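# Structural description and commentary
As a plain string of letters, each chain reads:
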Amino acid sequence: MARATRVPYLVSGTNEYGSANLGRGSATVALRLGRKLLRDGYMDVRVCTPRGRVLQADELGELEPQESDMAKGQQRGNREAKKPKKDKAKVIAAAPSRKEAAWQPNFGPAKKK
């Protein structure tokens, strides 16, 4: 037995020969199909959204994505931004130390006994 797949958007329309019920995976494709059915002379064109809202033919414009929609890679979460880490100077073990010796006073030649 074939397993039924759940399609988020259901587009339906009625013409003189009967009705058509077609499922689509995204809002833009469902919107395109609904407008095509209207051009082909279908009456009572409806689109059912995943949340159960039924849009009539004159409400199909509400299904268009807003300009604020971003691609999945561009979306930002609501997490608080992390504090940047403090930069540390890299220490290379093979390199000689660049610290200069502290100044020491020169008292002249020491006397030998």
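Heads up: the structure comes first, above all this text.
Residues numbered from 1 in each chain as written. Predicted model: local features only at pLDDT ≥ 70, side-chain atom pairs only at ≥ 80, totals over all residues. Heavy atoms only, no water.

### Re the pattern of salt bridges
- Inspection of every chain in the model, using the stated rule, returns two salt bridges.
- Here Lys-36 makes a salt bridge to Asp-40, at a shortest N to O gap of 3.1 Å.
- Overall, Lys-36 belongs to the partly exposed group, its relative accessible area being 41%.
- Judged by relative accessible area, which is 46%, Asp-40 ranks as partly exposed.
- Salt-bridge contacts for Asp-44 lead to Arg-46; the nearest nitrogen and oxygen are separated by 3.2 Å.
- Classification of Asp-44 as partly exposed rests on a relative accessible area of 41%. (Salt bridge = Lys/Arg side-chain N within 4 Å of Asp/Glu carboxyl O. Buried < 20%, exposed > 50% of the residue type's maximum accessible area, 1.4 Å probe, protein only.)

### Thoughts on a positive patch on the surface
- Residues Arg-79, Lys-82, Lys-85 and Lys-88 make up a contiguous surface patch of positive charge.
- Along the chain, Lys-88 falls in the segment after β4 (54–55).
- Judged by its relative accessible area of 77%, Lys-88 is exposed. (Patch = residues over 30% accessible without salt bridge, like charges linked within 9 Å, V, L, I, M, F, W, Y side chains within 5 Å. Areas by Shrake-Rupley, 256 points an atom, 1.4 Å probe, with all protein chains shown as cover. Lys, Arg positive; Asp, Glu negative; His and termini not counted. Charge placed at Lys NZ, Arg CZ, Asp CG, Glu CD. Helix = DSSP H or I, 4+ residues; strand = E, 2+ residues; numbered from the N terminus.)

### Examining the nonpolar core
- Counting twelve residues, the largest nonpolar core is built from Tyr-9, Val-11, Ala-20, Ala-27, Ala-30, Leu-31, Leu-33, Leu-37, Tyr-42, Val-45, Val-47 and Leu-60.
- The leading source of residues in this core is helix α1 (residues 27–39), at five residues. (Core = buried A, V, L, I, M, F, W, Y, C linked by side-chain atoms within 4.5 Å.)

### Quick word on the environment of Gly-23
- Positionally, Gly-23 belongs in strand β2 (residues 18–24).
- Residue classification places Gly-23 among the partly exposed residues on the basis of a relative accessible area of 30%.
- Residues contacting Gly-23, with those up to four places away along its chain left out, are Val-7, Tyr-9 and Leu-10. (Contact = heavy atoms within 4.5 Å.)

### Re unusual backbone geometry
- With a phi angle near 55°, Asp-44 is a residue other than glycine that sits in the positive phi range.
- Position of Asp-44 relative to the elements: it lies in strand β3 (residues 43–48).

### Let's talk about the pairing of β3
- Pairing geometry for strand β1 (residues 9–15) and β3, over four bridges, is antiparallel. Paired with Ser-12 across the two strands is Arg-46, which belongs to β3.
- Here two bridges tie β3 to β4, and the two strands are oriented antiparallel to one another. Bridging from a neighbouring strand, Cys-48 pairs with Val-54 of β4.
- Connecting β3 to the antiparallel partner β4 that follows it, the hairpin turn spans five residues, and Gly-52 within it adopts a positive phi of roughly 90°. (Pairing = 2+ DSSP bridges.)

### Examining the sheet that holds β1
- The strand order across the open sheet built from four strands is β2-β1-β3-β4, with neighbouring strands paired in antiparallel fashion. Looking at which strands have only one partner, the edges of the open sheet turn out to be β2 and β4.
- Its contacts with the sheet place α1 against β1, β2 and β3, and it is angled at close to 5° to β1. (Axes fitted to C-alpha atoms, helices over the stretch in contact; angles between N-to-C directions.)

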